[in-house]
Amino acid sequence: MNSGRVRFVGVGGGGIRILSRLYERWRDVPDLAAVHTNAALLERCGIERRVAIGATTTDGLSTGGDPELGRRAAEESIADLSGLWPDVRWSCVVAALGGGTGGGAAPVVCRLSREAGVWTLAICTLPFFFEGAGRRRRAEECLRRIRAAADAVIVIPNQRLFEWVGAEAPATRAFEMVDDVVSTALRSLWRLTTQRWLIHVDLADLRRMARGAESALTLAAFEVAGDNRVADLIARVRESPLLEQGHVVSSARGLLLAAVGGPDLTLSEVDRLFHGIGDMARSDVELHIGAAIDPEYEGRLGLTLLATERLPSEPPPAVAGDAATETSAEQKIKKETAQTPVQGRLSLETPGKGRFKDMEPTYFEGEDIDVPAFMRQGIRLSREP
Ligand SMILES: Nc1nc2c(ncn2[C@@H]2O[C@H](COP(=O)(O)OP(=O)(O)OP(=O)(O)O)[C@@H](O)[C@H]2O)c(=O)[nH]1
Ligand SMILES: [Mg+2]
């Protein structure tokens, strides 16, 4: 299936910064657009396609953190925004929540995109804790509206990246880190739907993954090089703050794993990679796997990982996993990765859980109490003084 063109739309200051970074690093991602109330900032962003919104509402300035103004600015400029969708198969709306333009205008942009018949994915960051409770509350409210307007939403809580930056780093460095992480993830998402696959994944898998996942879609991208690249990549997944040190993988309802390597990539490496990550996941995870060869990746191995997290209200999964089932699941994954260059998808049977295979999760009133309480309740540990 040809997944077709994707239109990336950065809305507001942070969203545009992420796309500008994407453009600076990889000039090859086409169809970028920037939308803002702030005309001066829009002029400087380096993205060719720009839509200034709300000339009357905000007089060419930012909203000063007022999402209602951002919403009105977008509504005022619907005619200009509607030029963004012709010939587009799907769109990816990127906003950093916490201010007024991204948070207020992104729901309108998502709505227009969907009304144009385009499948619409929103990618939103949530503010760092150091930005204060007001911004966080505002961001949460805007996120609710974006969820109602888009087909699927990937949320990247900036705070998850905090330990990568270090508490002593200046705030600007923290935002640069977000720009780097999110632009890498966006490019890998774009590649996912444009690449030629050995084992195929595409937009249909992405849509299937996103279906019914109102709460939590997590995206991460990794790249390693060297002789030990499979083990290194698995270690990166385990240690990733974005994946909460592997917790997002081990609790995922669905996982999409798309690997890219150079012509030197062997099927055994692909097999070991998918097994290594599959072993971290639950036995009933819905797994979509893909692998591609790209001459650009000579000596390197890349992985795009998309996870749907289990909602707290979902019933606990049936605990599967006697040795016989695992063996047949392992055989299945081996067969798919080693022999058939076609869609690799596993549903209920998946690889075993290694040395934890005989352990059952502990459920109490429908909750997996092996997961720490602060995680189950969605409480983020604050480093604010
Ligand atoms: N990735 C990234 N995020 C940023 C950057 N600067 C600020 N942010 C984040 O973006 C959030 C929203 O701020 P802005 O993007 O300036 O808000 P806006 O959408 O432009 O809206 P207004 O300026 O209030 O009209 C902040 O709370 C930060 O979390 C940046 O350079 N890069
Ligand atoms: Mg701004």
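Computed from a predicted model, the values in this text were never measured in an experiment. (Residues numbered from 1 in each chain as written. Chains lettered and ligands numbered in written order. Predicted model: local features only at pLDDT ≥ 70, side-chain atom pairs only at ≥ 80, totals over all residues. Heavy atoms only, no water.)

**Q** Would you mind showing me how to read the pattern of salt bridges here?
**A** Opposite charge on two side chains allows them to pair when their charged atoms are near. Overall, the coordinates contain 22 salt bridges when judged by the stated rule. As a salt-bridge pair, R187 and D28 come within 2.7 Å of each other at their nearest N and O atoms. Of the two residues, R187 sits in helix α9 (residues 171–194) while D28 sits in the loop between α1 (12–25) and β2 (32–36), which places them 159 residues apart along the sequence. R187 sits in the buried class, given a relative accessible area of 6%. (Salt bridge = Lys/Arg side-chain N within 4 Å of Asp/Glu carboxyl O. Helix = DSSP H or I, 4+ residues; strand = E, 2+ residues; numbered from the N terminus. Buried < 20%, exposed > 50% of the residue type's maximum accessible area, 1.4 Å probe, protein only.)

**Q** Even after reading the chapter, I still don't get the packing of aromatic side chains, so can you show me in this structure?
**A** Aromatic ring pairs are reported here in terms of the distance separating the ring centres and the angle at which the planes meet. A complete count under the given rule lists six aromatic pairs for this structure. Centroid distance F128 to F130: 4.8 Å. Interplanar angle 10°. Geometry classified as stacked. Judged by its relative accessible area of 40%, F130 falls in the partly exposed class. Note on F130 and F175: the rings are 6.3 Å apart at their centroids and 75° apart in plane angle, and the pair reads as edge-to-face. Of this pair, F130 sits in the loop between β5 (119–126) and α7 (133–149) while F175 sits in helix α9; the two residues are 45 residues apart in sequence, bridging distant segments of the chain. When the ring centre of Y297 is taken as origin, the NZ or CZ atom of R300, which lies over that ring, is 4.6 Å away. (Phe/Tyr/Trp six-rings, centres within 6.5 Å; stacked < 30°, edge-to-face > 60°. Lys NZ or Arg CZ within 6 Å of the ring centre and 35° of its normal.)

**Q** Even after reading the chapter, I still don't get the site of ligand 1, so can you show me in this structure?
**A** Surveying the vicinity of ligand 1 reveals 24 residues, the closest of which are G14, T101, G102, E131 and D179. G14 is positioned with one of its backbone polar atoms (N or O) 2.7 Å from an oxygen atom of ligand 1. One of the backbone nitrogen or oxygen atoms of G65 is found 2.8 Å away from an oxygen atom of ligand 1. For ligand 1, the protein covers 85% of the area, taking 640 Å² as the surface of the free molecule. Within the residue set of the shell around ligand 1, elements represented by two or more residues are α1, α6 (101–115) and α9. If one sorts the elements of the shell around ligand 1 by residue count, α1 sits on top with five residues. (Near = heavy atom within 4 Å. Polar contact = N/O pair within 3.5 Å; in protein donor to acceptor, adjacent residues only side chain to side chain. Areas by Shrake-Rupley, 256 points an atom, 1.4 Å probe, with all protein chains shown as cover.)

**Q** Sorry, what's going on with the nonpolar core here?
**A** As a rule of thumb, nonpolar side chains are buried together in soluble globular proteins. Counting 78 residues, the largest nonpolar core has I123, L186, V237, L273 and L303 as its most contacted members. For this core, the element with the most residues is α9, which contributes ten residues. Sequence-distant contacts of L303, defined by excluding residues within four places in its chain, comprise A220, A221, F222, L233, V237, L257, A258, A259, L273 and I277. Ranked by size, the runner-up nonpolar core spans 33 residues in total, among them A33, V109, A122 and C124. (Core = buried A, V, L, I, M, F, W, Y, C linked by side-chain atoms within 4.5 Å. Contact = heavy atoms within 4.5 Å.)

**Q** What is the right way to read the environment of T266 from this model?
**A** Among the secondary structure elements, T266 is positioned in the loop between β8 (252–261) and α13 (267–278). Between the C-alpha atom of T266 and that of I293, which follows or precedes it by 27 residues, the distance is 9.9 Å.

**Q** Sorry, what's going on with the confidence of the model for the protein here?
**A** Where the model shows low pLDDT, its predicted coordinates should not be examined in detail. Here the protein shows a mean pLDDT of 81. Residues at 70 or above account for 78%. Here residues 313–359 scores under 50 on pLDDT; set against residues more than four positions off or in separate chains, the count is 89 contacts. Considering only residues more than four positions removed or in separate chains, one finds that residues 378–385, a stretch of pLDDT under 50, has 17 contacts. (pLDDT = per-residue confidence, 0-100.)

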